[in-house]
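Close look at the chain arrangement
In case you want the letters, here they are:
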Amino acid sequence: MAERKVRILVAKPGLDGHDRGAKVVARALRDAGFEVIYTGLHQTPDQIVATAVQEDVDVIGLSILSGTQMIVFPRILELLRQHGAGHITVIGGGTFLPKEMRELKAMGVAELWGVDSSIQEIVDWIRRRFATS
Amino acid sequence: MFDPKKLEAIRRGLKAWEEKELSAFVARRPERRRAFSTLSGREIRRLYTAADLEDFDYAERLGYPGQYPFTRGPYPTMYRAQPWTMRQIAGFGTARATNERFKFLIAQGQTGLSVDFDMPTLMGYDSDDPRAAGEVGREGVAVDTLADMEDLFDGVDLAAISVSMTINPTAWILLAMYVALAEKRRIPKDKLSGTIQNDIIKEFTAQKEWIYPVKPSLRIVRDSIIYSVQHLPHYNPVNISGYHIREAGSTAVQEAAFTLAAGIAYVEEVRKTGLEVDVFAPRLSFYFISHSDFFEEVAKFRAARRVWAKIMKERFGAKKPESMRLRFHCQTAGSSLTAVQPLNNVARTAYQAMAAVLGGCQSLHTNGMDEALAIPSEEAMKLALRTQQILLEETGVAHSIDPLGGSYLVEALTDHTEKEIWDYLERIDRMGGTVAALERNFFQQEIADAAYAYQVAKERGEKIVVGVNQFREPEPEEPGIPLHSVDPRTEQLQKERLARVKRERDSARVAKLLNELREVARTDENLMPVTVECVKAHATLGEIVNALKDVFGLYREPIVF
């Protein structure tokens, strides 16, 4: 049987339109062989989780440059649990302070990357996480 | 311009130098890289000479400052008479909080104001809308009603200082509030100066703040331009912007070309109403980025001025020089700033600011060193402003006009940039014009492709970012500089203020005016006068936006990556 590709939802929550990071990462993940769905802009947490569940994704990647990370990530994690989808890996990229990253990881966000990160780091991390041994 | 015999001698000399001197030297000591290129990927050769400017005609390519084709600058004296406006943008929390920052910046010697609005205001949601939750006052100031506008400019003399407002799909409402505020304070409208961004085309292509579909969105821009030209003779009703196109990942040429393409679309839109181009074109203004690659940027500014002058003269038949001269605001590149080693951003911003000034900008915002981490702190903004003051007062770069004019490299780069801008404009025309190209996602795809190519080059180490892919340091636990923090009470305070305004106003009158607004929207009449009446009656921004959603519908973005 052909191996199922890792399915990733790249999402832009909130009203912010800075989508360069989300699009570059989405394209890099697609080029790396993952199956990528990009939500487009202006998504509410409810919309993002509904799409994730409907599309049966393995990973949600949130791009946040609007300073709302301490509101959006906890809300997404909570909604995923409510939908019985707590197994979905939640990761994110954007402008985060080191302290916020520590707190978000303690809440259950699997990994976070700042604005200077390389896309290769993100690709490698996902490959390691879903490596079939 | 050059004597053909002397040019020939230069060519021979160059060849001899390459064969005798250079090749042996390079064999002994190879250059650092095989090829050198600009940030946008244009190859830069080792040496430029007069031989690169073979057909160079001084009068045709450069002319004199304040004269066609304005390559050397839009005004005859440039900074010798009028230094660029030092215009640091500010906006966070409530209108009162931002008003305090304005007063601080004015006290530090800032010469113009610039307002950043929060996401809900930009997108047309009131602070009490569920979609606004968590975003009120976070990335800019929250403005729901005229009462907030009054707080925002409390104690600021609007007849004496120019104000720029970074706002787009809701720009016409903020302009209406500004006019209403001036009327209330009895400031004659011809005393108001400033700029409203109001550039919806680059929202669809790059910044992605939109509400209505393309055509009604353009009509709103058209109406505000016409209203402004008729009532506010010293106000710039649109600031046609390349900044966001570049920040979204475009090249320098794309930034200039797509911005000028938007300018063409606005001119066409207003001309359709029968207004003569020379009546409104002098009030069009522009906004570009000043990025990290020094000479590429200087050449871009010079080329953009030359192309716009030709467009206005030859394509639109403008007669007045003021219609042909491109004036622009400039901001250093936010995306060039790094979260690691944030003090490095001070040096980056200073070089970028110098490129803006050598490129002839009319006003400038220098970014705070902390902007890859948070909204800038007061200290970071002061240092950024001081960077401009040092540039003007200490370095001497503003003494002479267009001091890089005549540099072989800069003139060659200016010519190449101009040619490539024309190539894009011709492609866009072949697609049926700017709006047709926009509807085919042409700009969006070009920008996404360039952004990805840049990222790949950076990852391969072809593009160096100091502190990130070279000269890395172990990351400290904390950034090591003081950061601005969001006041957690903002959202609640703003909601309470909005509720109070709604309680105290005449709601029947608001409903009646909103109905009138819908009626006007269904015709082709100008939306501005009725909008001014709406805001005076304290209709909220969200109510006005929603009234027109009933008539215009919503834009849906095609997803391109």
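Calculation rules
- Residues numbered from 1 in each chain as written.
- Chains lettered and ligands numbered in written order.
- Predicted model: local features only at pLDDT ≥ 70, side-chain atom pairs only at ≥ 80, totals over all residues.
- Heavy atoms only, no water.
- Contact = heavy atoms within 4.5 Å.
- Buried area = accessible area lost by both parts, 1.4 Å probe.
- Salt bridge = Lys/Arg side-chain N within 4 Å of Asp/Glu carboxyl O.
- Phe/Tyr/Trp six-rings, centres within 6.5 Å; stacked < 30°, edge-to-face > 60°.
- Helix = DSSP H or I, 4+ residues; strand = E, 2+ residues; numbered from the N terminus.
- Buried < 20%, exposed > 50% of the residue type's maximum accessible area, 1.4 Å probe, protein only.
- Pairing = 2+ DSSP bridges.
- Expected span 1.5 Å × (residues − 1).
- Domains from an automatic or database assignment.
- Polar contact = N/O pair within 3.5 Å; in protein donor to acceptor, adjacent residues only side chain to side chain.
- Nonpolar A, V, L, I, M, F, W, Y, C, P; charged D, E, K, R; others polar.
- Core = buried A, V, L, I, M, F, W, Y, C linked by side-chain atoms within 4.5 Å.
- Axes fitted to C-alpha atoms, helices over the stretch in contact; angles between N-to-C directions.
- Parallel < 35°, antiparallel > 145°, perpendicular 65-115°, else oblique.
- Left-handed = near helix turned anticlockwise from the far one by under 90°.

**Observations regarding the interface of chain A and chain B**
Opposite the 36 residues of chain A that make contact, chain B presents 42 residues. A buried area of about 3,300 Å², summed over both sides, lies between chain A and chain B, and 55% of it is on carbon and sulfur atoms. Run the count over chain A and chain B and you get three salt bridges. Residues D449(B) and R27(A) are paired through a salt bridge, measuring 2.9 Å at the closest nitrogen-oxygen approach.

**Some words on the packing of aromatic side chains**
Residue and element names in this part refer to chain B. On inspection of all chains with the given rule, the structure shows 24 aromatic pairs over all chains. With 5.4 Å between their ring centres and 80° between their planes, Y212 and F552 make a pair best called edge-to-face. Remark: F552 occurs in helix α22 (residues 541-552) and Y212 occurs in the loop between α7 (200-207) and α8 (214-231); sequence separation between them is 340 residues. By the burial criterion, Y212 is buried, and F552 matches it. With a centroid separation of 4.9 Å and 75° between ring planes, the pair formed by F258 and F443 is classed as edge-to-face. Residue F258 is located in helix α10 (residues 252-271), and its partner F443 is located in helix α18 (residues 442-459); the two are separated by 185 residues in the primary sequence. The residues F258 and F443 share a single accessibility class, namely buried.

**Considerations on the sheet that holds strand β3 (residues 85-86) of chain B**
Residues and elements named next belong to chain B. Taken in spatial order, the five strands make up an open sheet running β3-β12-β11-β10-β9, and their pairing is parallel. The sheet is open, and its two borders are formed by β3 and β9 (238-241), each paired with just one other strand. Where strand β11 (residues 328-332) lies against strand β12 (residues 363-365), three bridges are found, and the strand directions are parallel. Bridge assignment links C330 to a residue of β12, and that residue is L364.

**Brief notes about helix α14 (residues 344-358) of chain B**
Residue and element names in this part refer to chain B. Helix length check: α14 (15 residues) gives 22 Å between terminal C-alpha atoms against 21 Å at 1.5 Å per residue, within 8%. Residues N345, R348, T349, Q352, A353, A355, A356, V357 and L358 constitute the buried set of α14. Following α14 by one or two positions, G360 has its phi on the positive side, about 90°.

**Describing the pattern of salt bridges**
A full pass over the atoms with the stated rule returns 60 salt bridges over all chains. Here R7(A) ties to E35(A) by a salt bridge, and the two come within 2.3 Å at their closest N and O atoms. Placement of the pair is R7(A) in strand β1 (residues 7-11) and E35(A) in strand β2 (residues 35-38), with a sequence separation of 28 residues. Taking relative accessible area as the criterion, E35(A) reaches 35% and is therefore assigned partly exposed. Residue E411(B) pairs with R302(B) through a salt bridge whose shortest N-O separation is 2.9 Å. Of this pair, E411(B) sits in helix α16 (residues 408-430) while R302(B) sits in helix α12 (residues 294-315); the two residues are 109 residues apart in sequence, bridging distant segments of the chain. For the pair shown, E411(B) and R302(B) are each scored as buried.

**Considering the domain arrangement of chain B**
Residues and elements named next belong to chain B. Annotation of chain B at the domain level lists domain 1 (4-53) and domain 2 (62-459). Computed over C-alpha atoms only, the centres of domain 1 and domain 2 are separated by 37 Å. Counting residues at the interface gives eleven residues for domain 1 and 18 residues for domain 2. Buried area between domain 1 and domain 2, summed over both chains or domains, comes out near 1,200 Å², and the portion from carbon and sulfur atoms is 66%. Counting the surface domain 1 buries against domain 2, the share from its top three residues, L39, R42 and L53, is 53%. Counting across the interface, domain 1 meets domain 2 through one salt bridge. Between E420 and R42 there is a salt bridge; the shortest N-O distance is 3.0 Å. Inspection of the region where domain 1 meets domain 2 yields five residue pairs in polar contact (both at pLDDT 80 or more). For the side of domain 1 that touches domain 2, the per-class residue count stands at five nonpolar, four polar and two charged.

**Quick notes on the side chain of S164(B)**
Residue and element names in this part refer to chain B. Locating S164 in the fold gives a position in strand β6 (residues 163-166). By relative accessible area, which is 11% here, S164 ends up buried. Apart from residues no more than four positions distant in its own chain, S164 is found in contact with R87, L113, S114, V115 and T195.

**Regarding the nonpolar core**
Residue and element names in this part refer to chain B. Ranked by internal contacts, the top residues of the largest apolar core, which has 98 residues, are W84, Y266 and W308. Residue contributions to this core peak at twelve residues, all from α10. Setting aside residues no more than four positions away along its own chain, Y266 makes contact with N198, D199, I200, I201, L218, V221, I225, V238 and I240. Counting 68 residues, the second largest nonpolar core, distinct from the first, contains F117, M149, L192 and Y235.

**What about the packing of helix α1 (residues 20-31) of chain A against helix α5 (residues 119-129) of chain A?**
Residue and element names in this part refer to chain A. Between α1 and α5, whose axes approach to 10 Å, the crossing angle comes to 50°. Of the possible angle classes, the one that applies to α1 and α5 is oblique. Handedness of the crossing formed by α1 with α5: right-handed. Residue-level contacts link V24, V25, A28 and L29 of α1 to I119, I122, V123 and I126 of α5.

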